[in-house]
Amino acid sequence: MILDILALTLIALGAAFFVAGTIGLLRFPDTLCRLHALTKADGLGMGLTCLGVTLLAGSAGEIARILLIWFFVAASSAICGHLIARHVRRATDTEER
Amino acid sequence: MADPLLIFDALLGVALIALAIAVLVVRDRFAMIVLFIIFGLMTALAWVRLSAPDVALAEAAIGTGLAGALMLKTLHHIRAAPAAPVPVSVGVVFANMGFCAMVFVGLAIAFMATSLEAPGLAPQVAQNIDASGVAHPVTAVLLNFRAYDTLMEVVVLLAAIIAVWMIERGIEQAPARHLGEIYRGFARLALPAIVVIGTYLLWVGAYAPGGAFQGGAALAAVGLLLLLSGLYRPQPAHRPIARLGFVLGIAVFASVALLVASGGRLPFEYPPAHAKTLILLIEGVVTISIAVTLAALFHGREPEAIPVSETRA
Amino acid sequence: MSSGMIFGLTGLAIFTIGLFGALVMVEPLRRVLALKLCSVGGGFMLVVAAWRAPPEVADPVPHALVITGIVVMISATAVALALIRRLHTLEHDSDD
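Residues numbered from 1 in each chain as written. Chains lettered and ligands numbered in written order. Predicted model: local features only at pLDDT ≥ 70, side-chain atom pairs only at ≥ 80, totals over all residues.

### Let's talk about the overall build of chain B
Across its full length, chain B holds twelve helices and zero strands. Dimensions of chain B along its principal axes, counting C-alpha atoms only, are 60 × 60 × 35 Å. Within chain B, buried positions represent 37% of all 313 residues. Restricting to contacts in chain B with at least 6 residues of sequence separation, those with at least 24 account for 74%. (Helix = DSSP H or I, 4+ residues; strand = E, 2+ residues; numbered from the N terminus. Buried ≥ 20, exposed ≤ 12 C-beta atoms within 10 Å, placed from the backbone. Contact = placed C-beta atoms within 7 Å.)

Structure (structure tokens):
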């Protein structure tokens, strides 16, 4: 019961971070700021959600899979952020030239 | 009264319809494709709600991931074209809108009139699952009860790659852009993991959601990573291997069917004692064929002998 | 009201939107996307036909059909996109 409440709190907190990230995405002025909001807030949201789900998981196998999912989502979102930022920098460089 | 999950379903349904409309009306073509990808991921969620996890996996991996990559690649190729060609006249739009509304009303009446919870074919599948060689009903349907459909599906993939190679013959493609060292490092990290995930999806298909198509799509993602990171560049000399990959699945699938038929049974009526082995063999080679074909569909053009001036990236 | 009913009507709406897009849109890429919407809508109808109220198991046959449909659709999409790229190359060459 206490575990359930703890898990739900963590998942709700994670969802709140996702909402914050999305607000940032919609409200911030340029691509780099938006990227900042997305990668930071969503990374934390993802981690909290995974932690919450881990508490509810039934077996060690499930926990291992959730952790793997967390690792790959975190890695790929970092790479996505990098690629977008790289693209933006190149695009602005060519404009200024 | 209302089950909170039903409210979730209704919200999801509205979001899906809104996204579908947004895909058609948004001006920017890049945004259009991104919206479609979001739409695809949301449908995967809806399919989980409809207790169809196999479909959700296939939709997320093939219908959204790979299709999105293909669309973005095509957009990169045709980005020079003007985005807004001649608009259609208002009369045509309204006439079509009227026709589509009629289609919707007709189908909706037919849908409402049909009972949702008819028994269907589930009892028959459940009755015969023990003889099929696998424990997961969807895999049993795909690889045993309706194996003929699946064979034809692999043939469709082969036809598609032949058509793409014919259509793109001699086209100069915009050289693939190098995505940088960090991406390449990520590819090196992710490649072995995706291979394991693809094989796991294939293996787990025998008793849980997963199977040849989902596993093949994951392995095709390996091909996409290799192509995008520049770790692998298709060479003309590799064409025979690629061709072997395209036909391997069909060849093994068809020869198993003929072999079974030669033993006095129907073509896909595997003997129950060997069903599991045969299905695993077929699934294994079909997965390889699907992975190779999907990756080749993404690459598009047949690797021909290219002049040196074009090979520099 | 049930999940099946909600998503059945959603599927119908998506199919109709896709049909309308395929009829009215001029841009080839958008037309391909509209047809993909149609195929997703059709898939919804089949999966809804398989849906049973949770304690009962779903009918696997329509699920297998939809998976087949998804693979056939990606084949068709790939060919259509190759045609779009070819068409663009031809038009582009004639401009020069």
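### A closer look at the overall build of chain A
Secondary structure summary: chain A contains three helices and zero strands in total. In sequence order, the secondary structure elements of chain A are arranged as α-α-α. Taking 13 Å as the expected radius of gyration for a compact globule of 97 residues, we find that chain A reaches 17 Å, considerably beyond that expectation. If you line up chain A on its principal axes, its C-alpha atoms span 60 × 25 × 10 Å. Here chain A holds 97 residues, and the buried ones make up 11% of them. Considering only intrachain contacts with a sequence separation of at least 6, the fraction spanning at least 24 residues in chain A is 64%. (Rg over C-alpha atoms; globule rule 2.2 N^0.38 Å.)

### A short note on the environment of Tyr148 of chain B
Residue and element names in this part refer to chain B. One can find Tyr148 in helix α7 (residues 147-167). For Tyr148, a count of 12 C-beta atoms within 10 Å gives the class exposed. The spacing of Tyr148 and Ala193 is 45 residues in sequence and 32 Å in space, taken between C-alpha atoms.

### Overview of the nonpolar core
The biggest cluster of nonpolar side chains holds 116 residues, and the ones touching the most others in it are Val23 and Leu66 of chain B together with Val47 of chain C. Composition of this core by domain shows at least three residues from each of domain 1 (1-85) and domain 2 (122-313) of chain B. In contact with Leu66 of chain B, other than residues within four places in its own chain, are Ala61, Ala217, Ala220, Leu294 and Phe298 of chain B together with Ile74 of chain C. (Core = buried A, V, L, I, M, F, W, Y, C linked by C-beta atoms within 7 Å. Domains from an automatic or database assignment.)

### Details of the packing of helix α1 (residues 3-24) of chain C against helix α2 (residues 28-50) of chain C
Residue and element names in this part refer to chain C. Running from amino to carboxyl end, α1 crosses α2 at an angle of 155 degrees, the nearest separation of the two axes being 7 Å. The orientation of α1 with respect to α2, classified from their angle, is roughly antiparallel. Note that α1 runs across α2; the crossing there is left-handed. Of the residues assigned to the contact of α1 with α2, the class counts are 15 nonpolar, eight polar and two charged. (Axes fitted to C-alpha atoms, helices over the stretch in contact; angles between N-to-C directions. Parallel < 35°, antiparallel > 145°, perpendicular 65-115°, else oblique. Left-handed = near helix turned anticlockwise from the far one by under 90°. Nonpolar A, V, L, I, M, F, W, Y, C, P; charged D, E, K, R; others polar.)

### Quick look at the confidence of the model for chain B
Residues and elements named next belong to chain B. Per-residue pLDDT for chain B has a mean of 84; in total, 92% of the residues score no lower than 70. Contacts from residues 307-313, a stretch scored under 50 in pLDDT, to residues over four places away or in other chains number seven contacts. Reported confidences for the modelled complex are a pTM of 0.88 and an ipTM of 0.92. (pLDDT = per-residue confidence, 0-100.)

### Some details on the domain arrangement of chain B
As a measure of interface size, the accessible area lost when the parts come together is often cited. All names here are of chain B. Domain boundaries in chain B define domain 1 (1-85) and domain 2 (122-313). Summarising the inter-unit geometry, the C-alpha centres of domain 1 and domain 2 are found 24 Å apart. The interface is formed by twelve residues belonging to domain 1 together with 15 residues belonging to domain 2.

### Observations regarding the packing of helix α1 (residues 4-25) of chain B against helix α2 (residues 29-49) of chain B
A pair of packed helices is characterised by two quantities: the angle between their axes and the separation of those axes. Residues and elements named next belong to chain B. At a minimum axis separation of 9 Å, α1 and α2 run at an interaxial angle of 155 degrees. The pairing of α1 with α2 is recorded here as roughly antiparallel in orientation. Between α1 and α2 lies a crossing whose hand is left-handed. In this structure, α1 contributes Asp9, Leu12, Ala15, Leu16, Leu19, Ala20, Ala22 and Val23 to the contact, and α2 contributes Met32, Leu35, Phe36, Ile38, Phe39, Met42, Thr43, Leu45, Ala46 and Arg49.

### A closer look at the interface of chain A and chain B
Facing six residues of chain A, the contacting portion of chain B comprises six residues. Looking at side-chain class alone, the side of chain A that touches chain B contains four nonpolar, one polar and one charged residues.

### Some thoughts on the interface of chain C and chain B
Listed as interface residues are 63 residues of chain C and, on the opposing side, 73 residues of chain B. Among the elements of the structure, α1, α2 and α3 (60-95) of chain C are those that each provide at least two residues to the side of chain C that touches chain B.

### Considerations on the confidence of the model for chain A
Here chain A averages 86 in pLDDT, and 97% of its residues register 70 or above. Here helix α3 (residues 60-96) of chain A is the element of chain A with the lowest mean pLDDT, 85, and helix α1 (residues 2-27) of chain A is the one with the highest, 90.

### Focus: unusual backbone geometry
The residue Ser51 of chain B is not glycine, and still its phi comes out positive at about 50 degrees. Relative to the helices and strands, Ser51 of chain B is located in the loop between α2 and α3 (53-78).

### Brief notes about the environment of Leu202 of chain B
Residue and element names in this part refer to chain B. Tracing the backbone through its elements, the reader meets Leu202 in helix α8 (residues 181-204). For Leu202, a count of 24 C-beta atoms within 10 Å puts it in the buried group. In the structure, Leu202 is positioned 14 residues away from Gly216 in sequence and 7.8 Å away in space, judged by C-alpha atoms.

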